[in-house]
Amino acid sequence: MGLMEILLIIIPSTLLWAAPLIFTGLGGNFSESSGVVNIGLEGLMVIGAFTAIVFNLTFVDVFGSMTPWVALLAAMVVGALLSILHAVASITFRADQVVSGVAINLLAIGAALFLVKFIYGKGQTDIIQKGFSKVDIPFLSDIPVIGKLFFSNTYYTSFAAIAVAFLAWFVMFKTPFGLRLRAVGEHPMAADTMGINVTRMRYIGVLISGALAGIGGGVYAQSISSDFGHATISGQGFMALAALIFGKWHPLGVMGAALFFGFAQSLSIIGSSLPFLENIPNVYLLIAPYVLTILALTGFIGRADAPKAAGTPYIKGKR
Amino acid sequence: MSNRMKNIVVPLVAVLLGIIVGTIIMIAAGYNAGAAFIALWNGAFGEIYYTGEVIRQVTPLILAGLAVAFAFRTGLFNIGVEGQLIVGWLAAVWVGVAFELPKFIHLPLAVLAAAAAGALWAFIPGLLKAKFKVHEVIVTIMMNYVALHVSNYIIRTVLSEKSDRTEMIADSASLRSPFLEGLTDYSRLHWGILIALACVFIMWFLLEKTSKGYELRAVGFNQHASEYAGMSVSKNIILSMVISGAFAGLAGAMEALGTFGYAAIKGGFTGVGFDGIAVALLGGNGPIGIIFAALLFGSLKVGALNMPLEAGVPNELVDIIIALIVFFVAASYMIRIFIDRISKKGVK
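If you look chain B up in an unreviewed UniProt entry, it shows as Branched-chain amino acid ABC transporter permease from Sporosarcina globispora.

Looking at an unreviewed UniProt entry, chain A carries the name Sugar ABC transporter permease, with the source organism given as Sporosarcina globispora. In the Subcellular location (unreviewed entry) part of its UniProt record, chain A is described as follows: "Cell membrane".

Structure follows, in structure tokens:
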């Protein structure tokens, strides 16, 4: 097998697996930059995946080939709605943000499976008819070499994810809104003194994280799993959290980390068909994202520091 | 209302709110809520068999709750109980299948191996926290996944020949008890519950009655003050994580040596570790509270299995209720304010 053939397998597969991680990781980025730790990403992805599949199965006759995209919108809205719970608990009621996130995770999987059984009378949904399918992107796929490698046999969602990453970077680092969001996460009291509404900014941060994680779950469900059951989302949310840390709380870093983790995930799946990976047990690829994240946190791969106020509720007037 | 009273009332209100919301969900979905709760009760206490199963389920929950609570008391959040449980499970089975020894050596050895494996798994985040100031929440989450994949790999390659599960452990390493099984109409109840209760006592004694426990709690309250008083903060952090991990490993031993007797490839987490967070939280991180909380969640989980059969309600409803209870305990600030308002009314 030549290099070209190997790359032709690896690159589209990496992009496919990375897309949900990019969306969800960016979501986590908005929440944590505003100072609210969001362990609930996994649960938000679960509810996004569930919503997208149910919407897709129900409305496929109405929207035809546009169904997956409309389903993503639905997943986005429901993800944002669920994240309100996390926001209310951790911002207004000053709950421990990690505990509240754990509750979101437990709640999402419980509620989703409850509803699946309620709607379909069984533990797993049917397989959707219209998911995101492989496409050759017009014009770009005609570019010699690059077109074939990056733009053929791939998914629009992956490029949407990358575009959103750049958008998130622009919003966070080039707009007044982004500056305020980050200020609230670094030093809420200073931000409050300058007239920024800390509570409002944090609510917005958490809501965006819910929306993006919902999209991430929807993308995963409609391009990778194609149905929804108890194991549809198994750790992708936490891996997105890992990407957030490995990417050092910077949207482009998050994108890079998510691409890398997508690469590791896809290698662990297709690795057995690649000549040079046949003899490496895929356990190493499976644990790579997590081990790398620990190393990054420890400072072996460039130190990663969280936004300073992440995890602490802001109580007005308290030093 | 005194603080002590409040600490008892708040979890009760949280449980009540959880059940109320669960009931509303059932009614909204068109299920018969009354029948569901009767089915739940029958599924947990209706027959002696079910009660045996409840106690079996409570056993690892107590230990997982202890693990979370012990770390909590030292100011640490061990969200990695799940991973420590998995490696404990694996270690216990490993010792259980690899040796042939008399029971009085083999069983303790398998139990200790599980505790040691859990302790080792928790030692890493403890060390990183103490030496590099890395937040233990993220590291323990990552360690959960490493544990899951590594344990699957070892089961597939070392402990079996490409099979999905290991052999059964030797009888000499088993916690199973024909006596307890006979007593409860052949449920899977085993001796582990005694170990769990002993651990509750150990945790209480360690934290409340020894100077080391005092140090651990002091570090939990105020690191700087403890440092100033001459205690080693980093040593205490590591010790706390190690003890917490040992409890979690023991929870794994309960599944390995008591309930199942083997280890199988896991597609995802057991959930016991995360339920341990719920147990510790609801139990207020105290020994007695943990027993009651584990009992509540254990009977909810086992009783839930009867809900689809008797009332046609999906058993996931109980997961929703548990999640809501965790949520309401976490947001207890809301409940506390409410209680304050009510109790102040009388004074005015």
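Resuming the write-up.
What follows is about the overall build of chain B. When helices and strands are counted, chain B shows 16 helices and zero strands. The C-alpha radius of gyration computed for chain B amounts to 21 Å, which stays within 12% of the reference 20 Å derived for 348 residues, consistent with globular compactness. Reported as C-alpha extents along the three principal axes, the dimensions of chain B are approximately 70 × 60 × 35 Å. Expressed as a percentage of the 348 residues in chain B, the buried residues total 55%.

Turning to the overall build of chain A, a few remarks are in order. Along chain A, the regular secondary structure elements total 12 helices and zero strands. For chain A, the α and β elements follow one another from N to C terminus as α-α-α-α-α-α-α-α-α-α-α-α. Taking 319 residues into account, the globule formula puts the C-alpha radius of gyration at 20 Å, and chain A, at 20 Å, falls close to it. For chain A, the C-alpha atoms occupy an extent of roughly 65 × 50 × 40 Å along the three principal directions.

With that out of the way, let us pick up the interface of chain B and chain A. Often the size quoted for an interface is simply the accessible area lost on bringing the parts together. Across the boundary between the two partners, chain B contributes 35 residues, which contact 36 residues of chain A. Of all the secondary structure elements, the ones that give two or more residues to the side of chain B that touches chain A are α5 (103–132), α6 (136–157), α12 (272–282), α15 (316–330) and α16 (332–347) of chain B. For the side of chain B that touches chain A, the per-class residue count stands at 30 nonpolar, three polar and two charged.

On to the UniProt feature "transmembrane region" (unreviewed entry) in chain B, then. All names here are of chain B. Those places that UniProt annotates as "transmembrane region" (unreviewed entry) correspond, in this numbering, to residues 12–42, 79–99, 105–124, 189–207, 237–265, 277–300 and 320–339. Secondary structure over residues 79–99 splits into 86% helix and 0% strand, and the C-alpha atoms at its two ends are 32 Å apart. In this annotation, residues 277–300 is assigned 83% helix and 0% strand; the end-to-end C-alpha distance for the span is 16 Å.

Between two packed helices, what matters for the description is the angle formed by their axes and the separation of those axes. Residues and elements named next belong to chain B. The N-to-C vectors of α5 and α6 enclose an angle of 150°; their axes lie 10 Å apart at closest approach. Accordingly, the angle class assigned to the pair α5 and α6 is roughly antiparallel. Our pair here, α5 against α6, has a crossing hand that is right-handed. Two secondary-structure elements touch here, α5 through W121, I124, P125, L128 and K129 and α6 through E136, V139, T140, M143 and A147. Partitioned by chemical class, the residues of the contact of α5 with α6 number seven nonpolar, one polar and two charged.

Our focus in this paragraph is the nonpolar core. If you look at the biggest cluster of nonpolar residues, it comprises 234 residues, and the most contacted ones within it are A92, L250 and V326 of chain B. L250 of chain B has contacts with L63, G88, V111, A114, A115, G118, I195 and C199 of chain B, leaving out every residue within four places of it along the chain.

Turning our eyes to something else, we now look at the environment of K131 of chain B. All names here are of chain B. Assignment of secondary structure puts K131 in helix α5. With 12 C-beta atoms counted inside 10 Å, the residue K131 sits in the exposed group. When the C-alpha atoms of K131 and S234 are compared, they prove to be 7.1 Å apart, with 103 residues separating the residues in sequence.

Let us look at the confidence of the model for chain B. All names here are of chain B. Mean pLDDT over chain B works out to 90, with 98% of the residues at or above the 70 mark. Mean pLDDT values for the elements of chain B range from 73 in α16 up to 95 in helix α4 (residues 81–98). Reported confidences for the modelled complex are a pTM of 0.90 and an ipTM of 0.87.

Here we come to the packing of helix α3 (residues 48–73) of chain B against helix α11 (residues 233–260) of chain B. Residues and elements named next belong to chain B. At a minimum axis distance of 7 Å, the contact between α3 and α11 shows a crossing angle of 170°. With respect to α11, the element α3 is oriented roughly antiparallel. Between α3 and α11, the contacting residues are R56, T59, P60, L63, A64, L66, A67, F70 and A71 on the first element and S240, M241, I243, S244, G245, F247, A248, L250, A251, M254, E255 and T259 on the second. Among the residues forming the contact of α3 with α11, the class breakdown is 14 nonpolar, five polar and two charged.

All of the buried residues along helix α7 (residues 176–186) of chain A are R180, L181, R182, A183, V184 and G185 of chain A. Residues of α7 of chain A that are buried make contact with α1 (3–33), α6 (156–174), α8 (188–193) and α9 (198–225) of chain A.

A positive phi angle, close to 55°, is found at W249 of chain A, a residue other than glycine. Following the sequence through the fold, W249 of chain A ends up in the loop between α10 (236–246) and α11 (251–270). In this model, Y186 of chain B sits at a positive phi of 60°, which is unusual for a non-glycine residue. Secondary-structure assignment places Y186 of chain B in the loop between α7 (178–183) and α8 (192–209).

Let us look at the environment of L250 of chain B. With respect to the helices and strands, the residue L250 of chain B is situated in helix α11. C-alpha of L250 of chain B to C-alpha of S234 of chain B: the two residues are 16 residues apart in sequence and 24 Å apart in space.

Here we come to α1 of chain A. Since the α-helix turns once every 3.6 residues, residues separated by three or four places project in the same direction. Considering bend angle alone, the principal kink of α1 of chain A is centred on A18 of chain A and spans about 35°; proline P20 of chain A follows within four residues of it. G35 of chain A lies just past α1 of chain A and shows a positive phi near 100°.

The next subject is the environment of M142 of chain B. With respect to the helices and strands, the residue M142 of chain B is situated in helix α6. Taking the C-alpha atoms as reference points, M142 of chain B and W121 of chain B, separated by 21 residues in sequence, lie 11 Å from one another. In contact with M142 of chain B, not counting residues within four places along its chain, are A242, Y290, T293 and I294 of chain A.

Thresholds applied
- Residues numbered from 1 in each chain as written.
- Chains lettered and ligands numbered in written order.
- Predicted model: local features only at pLDDT ≥ 70, side-chain atom pairs only at ≥ 80, totals over all residues.
- UniProt positions renumbered as here; feature names shortened; annotations may be inferred.
- Helix = DSSP H or I, 4+ residues; strand = E, 2+ residues; numbered from the N terminus.
- Rg over C-alpha atoms; globule rule 2.2 N^0.38 Å.
- Buried ≥ 20, exposed ≤ 12 C-beta atoms within 10 Å, placed from the backbone.
- Contact = placed C-beta atoms within 7 Å.
- Nonpolar A, V, L, I, M, F, W, Y, C, P; charged D, E, K, R; others polar.
- Axes fitted to C-alpha atoms, helices over the stretch in contact; angles between N-to-C directions.
- Parallel < 35°, antiparallel > 145°, perpendicular 65-115°, else oblique.
- Left-handed = near helix turned anticlockwise from the far one by under 90°.
- Core = buried A, V, L, I, M, F, W, Y, C linked by C-beta atoms within 7 Å.
- pLDDT = per-residue confidence, 0-100.
- Bend = angle between axes of the 7 residues up to and from the residue.

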